[in-house]
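# Residue-level structural notes
Given next are the chains, with one letter for each unit.
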Amino acid sequence: MSIKMDTMQIHVLNNEGVNMLQTGSFIDAAIPKFRQALAFIHQGLHYGLPTKRGDSTNLSSARRQTVFTRYKTTRNDKESSASSLSSSPSKDDPFQISPHNCFQVFDAVFATHWLHPNDSCHEPETTIIVVYNYAYAMHRNGLLRGQTQYLKKALELYDMCLALCCTSQLAGRLTVPPTLKLAALANKLFLHGHFSNHEEVQDCYRQLQNTLDYAVSTPLLDEHDLVFFLNCLVICDNYIRRGAGAPAA
């Protein structure tokens, strides 16, 4: 398969997975879409990050930009009856596997729109978005099914997403929205709260605070998202102050 065809497939697979998560009915089917997109990405040229110092394309930033759209996801009937993604879980809910977790999941995924299909350049932004979406799908499936292995895989993928953000930012090639990085941090915060990883919660808190300090100075952060992430900081601050032990009243 040609480089151009592979690159197009990455976008197609990512957006198919996003559409499935939007409906809330095909979570199991969405996961292989993101996994397959990552398989294409890992085929050499599609990793999207410089392989050595100074390695970059001659394309202008506007020409090599990936356009992305954020979509709020929809829960299916089983998820809607559960409170897995709620800050006020019910202890009697059979699908609630984290009854003492006070954090919330950022319920959104990102579609990509390739501006220049005649180019064979693959942008690091696309890689980061696919990894985030894959992490979110595993996270949501783990909550729905009560399966720890999915949640641990989600945590691993959120870490990968944030590491890619950092690497691309240092290379001067990062143009993903601050919302995506904040979303990965907030969802990672949820998972560390679930697993009672108290030191990691504090580390996420510091990262979220630093990222949000930068994000509020840009016009790229939606007002509703800003409120969500500020609320995450308040909840996390309370969590840390009370010793990360007892559930919120």
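Reading the values: rules and limits
- Residues numbered from 1 in each chain as written.
- Predicted model: local features only at pLDDT ≥ 70, side-chain atom pairs only at ≥ 80, totals over all residues.
- Heavy atoms only, no water.
- Salt bridge = Lys/Arg side-chain N within 4 Å of Asp/Glu carboxyl O.
- Helix = DSSP H or I, 4+ residues; strand = E, 2+ residues; numbered from the N terminus.
- Phe/Tyr/Trp six-rings, centres within 6.5 Å; stacked < 30°, edge-to-face > 60°.
- Buried < 20%, exposed > 50% of the residue type's maximum accessible area, 1.4 Å probe, protein only.
- Axes fitted to C-alpha atoms, helices over the stretch in contact; angles between N-to-C directions.
- Parallel < 35°, antiparallel > 145°, perpendicular 65-115°, else oblique.
- Left-handed = near helix turned anticlockwise from the far one by under 90°.
- Contact = heavy atoms within 4.5 Å.
- Nonpolar A, V, L, I, M, F, W, Y, C, P; charged D, E, K, R; others polar.
- Core = buried A, V, L, I, M, F, W, Y, C linked by side-chain atoms within 4.5 Å.
- pLDDT = per-residue confidence, 0-100.

## Some details on the pattern of salt bridges
- For the structure shown, the criterion picks out 6 salt bridges.
- Arg145 is the salt-bridge partner of Asp28, the closest N and O atoms lying 2.3 Å from each other. Of the two residues, Asp28 sits in helix H2 (residues 27-41) while Arg145 sits in helix H4 (residues 124-145), which places them 117 residues apart along the sequence.
- Note that Glu156 and Lys153 form a salt bridge whose closest N and O atoms lie 3.3 Å from each other. Of the two residues, Glu156 and Lys153 are both situated in helix H5 (residues 148-170); the distance of 3 residues between them amounts to about one turn of the helix.

## Remarks on the packing of aromatic side chains
- What the rule picks out here adds up to 6 aromatic pairs.
- With a centroid separation of 5.1 Å and 50° between ring planes, the pair formed by Phe103 and Tyr239 is classed as tilted. Here Tyr239 lies in helix H8 (residues 223-241) and Phe103 lies in the loop between helix H3 (77-81) and strand S2 (108-114), a separation of 136 residues in the sequence. Side by side, Phe103 and Tyr239 carry an identical accessibility label, which is buried.
- On the numbers, 5.5 Å between centres and 75° between planes, the contact of Phe110 with Tyr132 is edge-to-face. With Phe110 in strand S2 and Tyr132 in helix H4, this pair connects stretches of sequence that are 22 residues apart.

## Structural notes on the packing of H2 against H4
- Two numbers describe how H2 lies on H4: the axes approach to 9 Å, and their chain directions differ by 150°. Of the possible angle classes, the one that applies to H2 and H4 is roughly antiparallel. Note that H2 runs across H4; the crossing there is left-handed. Together, Ile27, Asp28, Ile31, Phe34, Arg35, Ala37, Leu38 and Ile41 of H2 and Thr127, Val130, Val131, Asn133, Tyr134, Ala137, Met138, Arg140, Asn141, Leu144 and Arg145 of H4 make up the contact between the two elements.
- Its residues assigned to classes, the contact of H2 with H4 shows 12 nonpolar, 3 polar and 4 charged.

## Some thoughts on the nonpolar core
- Counting residues in each nonpolar core, the largest one holds 66 residues, and the members touching the most others are Leu21, Phe103, Tyr132, Tyr158, Leu208 and Phe229.
- At the level of elements, helix H1 (3-23), H2, S2, H4, H5, helix H6 (178-194), helix H7 (198-215) and H8 are the ones that each hand at least two residues to this core.
- With 12 residues, the top contributor of residues to this core is H4.
- Filtering out sequence-adjacent residues up to four positions away, Tyr158 remains in contact with Tyr132, Ala135, Tyr136, His139, Ala184, Asn187, Lys188 and Leu191.

## Things to note about the environment of Lys152
- With respect to the helices, strands and loops of the structure, Lys152 is situated in helix H5.
- Measuring from C-alpha to C-alpha, the distance between Lys152 and Ala135 comes to 9.7 Å, with 17 residues separating the pair along the chain.

## Quick look at the confidence of the model for the protein chain
- When pLDDT is averaged along the protein chain, the result is 75; 66% of the residues meet or exceed 70.
- Between the elements of the protein chain, mean pLDDT differs from a low of 41, seen in H3, to a high of 93, seen in H6.
- In the model, residues 44-66 has pLDDT below 50 throughout and makes 51 contacts with residues more than four positions away in sequence or in other chains.
- In this model, residues 76-96 is a region of pLDDT below 50 whose contacts with residues beyond four sequence positions or in other chains number 38 contacts.

## Quick notes on the packing of H6 against H7
- In the contact formed by H6 and H7, the axes pass within 9 Å of each other and the chain directions differ by 160°. The pairing of H6 with H7 is recorded here as roughly antiparallel in orientation. Crossing geometry of H6 relative to H7 is assigned as left-handed. The segment H6 lies against H7, with Pro178, Lys181, Leu182, Leu185, Ala186, Lys188, Leu189, His192 and Gly193 engaging Glu200, Val201, Cys204, Gln207, Leu208, Thr211, Leu212 and Ala215.
- Counted by class, the contact of H6 with H7 contains 10 nonpolar, 4 polar and 3 charged residues.

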